[in-house]
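Understanding the architecture of this molecule
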Amino acid sequence: MANKLDQLKTMTTVVADTGDIDAIAQWRPQDATTNPSLLLKAAASDAYSPMLEKAVAMARKQGGSDAEQLTVATDMLAVLAGKEILGLIPGVVSTEVDARLSFDTEATLKRARRLVELYDQQGVDTHRVLIKIASTWEGIRAAEILEQEGIRCNLTLLFSFVQAAACAQAGAFLISPFVGRILDWHLASSGRDSFPATEDPGVLSVARIYNYYKANGFNTVVMGASFRNTGEIEMLAGCDRLTISPALLQELKDDNGTLERKLSPDGATSSDGFGVLDEKRFRWESNEDAMATEKLADGIRRFAADQIELENQVRQLADKAT
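Cut-offs used in this document
- Residues numbered from 1 in each chain as written.
- Predicted model: local features only at pLDDT ≥ 70, side-chain atom pairs only at ≥ 80, totals over all residues.
- Heavy atoms only, no water.
- Helix = DSSP H or I, 4+ residues; strand = E, 2+ residues; numbered from the N terminus.
- Contact = heavy atoms within 4.5 Å.
- Areas by Shrake-Rupley, 256 points an atom, 1.4 Å probe, with all protein chains shown as cover.
- Lys, Arg positive; Asp, Glu negative; His and termini not counted.
- Charge placed at Lys NZ, Arg CZ, Asp CG, Glu CD.
- Buried < 20%, exposed > 50% of the residue type's maximum accessible area, 1.4 Å probe, protein only.
- Pairing = 2+ DSSP bridges.
- Axes fitted to C-alpha atoms, helices over the stretch in contact; angles between N-to-C directions.
- Parallel < 35°, antiparallel > 145°, perpendicular 65-115°, else oblique.
- Left-handed = near helix turned anticlockwise from the far one by under 90°.
- Core = buried A, V, L, I, M, F, W, Y, C linked by side-chain atoms within 4.5 Å.
- Right-handed = clockwise from strand over helix to strand, strands pointing away.

**Focus: the overall build of the protein**
Within the protein, the secondary structure is distributed over 14 helices and eight strands. Viewed in the frame of its principal axes, the protein has a C-alpha envelope of about 60 × 50 × 40 Å. Considering only contacts within the protein whose residues lie at least 6 apart along the sequence, 68% involve residues at least 24 apart. Carbon and sulfur atoms provide 47% of the accessible area of the protein, an area that totals close to 14,000 Å². The averaged location of the 46 negative side-chain charges in the protein is 2 Å from the averaged location of its 34 positive side-chain charges.

Right under this line is the structure:
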């Protein structure tokens, strides 16, 4: 009997939820996804030292104010990391736009286009790059424009059905609904210690979105993210893609039990009906969902804080080099 990881790979595209080069080389997933938190953690490793130095040198060569050079250096670090990762995997890598731009469509567009340009300058096939953007109204609008330009997007920090519906209507290539963070909120608000996997609020949210997309012919890829345990992953077996941490990949590999497919486009049904969403309805529906409102705001704050810490590390390196 194949282990559960190998069984999962027969029905779902497995994505590595890490920026650790060594871990990606070990697990050899189809795709990989990074964010400021993962890059901050990975930047402390020896594998990232040459990339940090190169990013700082390239930013200094470009010139501009200290702030402009810092922004270029952190973007360049993300691109160099993405290029390194693409050398280890056959699929795509996701690179995130600065979370502090989550409520600014034009600034998000500018940063996304620059990331793609930097990848192109590094000789990377930009079709293998997904630009990660927070699933705010402004972020979704930016993704809609980028998709029309041929820049594929990964809409992240997605916690609600209305976010998912808006992303599909915008033609987003992929969404990353966060399973574990939804569970975290419900555990904290309910006072419960746990939920059975069959009742896990994050699992139920992703299954609902998946079935809605498939039943209504939306092409947007559903990639479950932010898992707390393998039970959540097993309940979403068959989802288009799942991005999984190395620790949980190892647990799945060590388990030789039978993995049952839970999601399939052939069996998808949905009673959800959404007309075309405008901004007023999107904001109202979002406001009515306390969990999604709180977790989206919290996620943006966390990613922004890690982006700032990453910038501090880059600044310290730049100061030493002068």
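Moving on from the model shown.
**Side note on unusual backbone geometry**
You will see that L157, though not glycine, has its phi angle at about 50°, which is positive. By the secondary structure assignment, L157 is in strand β5 (residues 153-158). With phi around 60°, S226 is a residue other than glycine that occupies positive phi space. Structurally, S226 can be placed in the loop between β7 (221-224) and α11 (230-235). Given a relative accessible area of 10%, S226 falls into the buried group.

**Notes on the sheet that holds β5**
Strand order in the closed barrel formed by eight strands is β1-β2-β3-β4-β5-β6-β7-β8, with parallel pairing between adjacent strands. Across the sheet, the axes of successive neighbouring strands diverge by a mean angle of 30°, strand direction being ignored. Relative to strand β8 (residues 241-244), strand β1 (residues 13-17) runs parallel, the two sharing four bridges. Its bridge partner lying in β8, V15 is registered against T243. Relative to the sheet, helix α12 (residues 246-254) contacts β1 and β8, its axis offset from that of β8 by approximately 110°.

**Some points on the environment of K262**
Structurally, the position occupied by K262 is in the loop between α12 and α13 (279-288). Sequence separation between K262 and S205 is 57 residues; the distance between their C-alpha atoms is 14 Å. Every residue in contact with K262, bar those within four places of it in the chain, is listed here: E234, M235 and A237.

**Here's the deal with the environment of A143**
Within the fold, A143 resides in helix α7 (residues 137-148). Each C-alpha atom of the pair A143 and A170 lies 7.3 Å from the other, and the pair is 27 residues apart in sequence. Every residue in contact with A143, bar those within four places of it in the chain, is listed here: I133, C153 and L155.

**Some remarks on the packing of helix α8 (residues 161-169) against helix α10 (residues 201-216)**
Two numbers describe how α8 lies on α10: the axes approach to 10 Å, and their chain directions differ by 30°. When the axes of α8 and α10 are compared, the pair comes out roughly parallel. In this structure, the crossing between α8 and α10 has a hand that is right-handed. In contact with F161, A164, A165, C167 and A168 of α8, α10 contributes R208, I209, Y212 and Y213.

**Let's talk about the nonpolar core**
Core analysis: the largest hydrophobic core is formed by 91 residues, its most contacted members being L8, I131, L155, I175, Y213, L236 and I244. Broken down by element, the residue count for this core peaks at eleven residues, all from helix α5 (residues 66-86). With near-sequence residues (within four places) excluded, I175 lies in contact with N154, L155, L158, A164, C167, I209, Y213, T220, V221, V222 and M223. By size, the runner-up hydrophobic cluster in this structure holds 13 residues, among which are A99, A134, L296 and I300.

**Some points on the pairing of β1**
Of all five residues in β1, four are buried, a share of seventy percent or more. Relative to strand β2 (residues 31-33), β1 runs parallel, the two sharing three bridges. Across the sheet, the residue bridging to A16 is A32, located in β2. In this fold, β1 hands off to helix α2 (residues 21-27), which returns the chain to β2; that crossover is right-handed.

Geometric descriptors of this kind do not, in isolation, establish any biological role.
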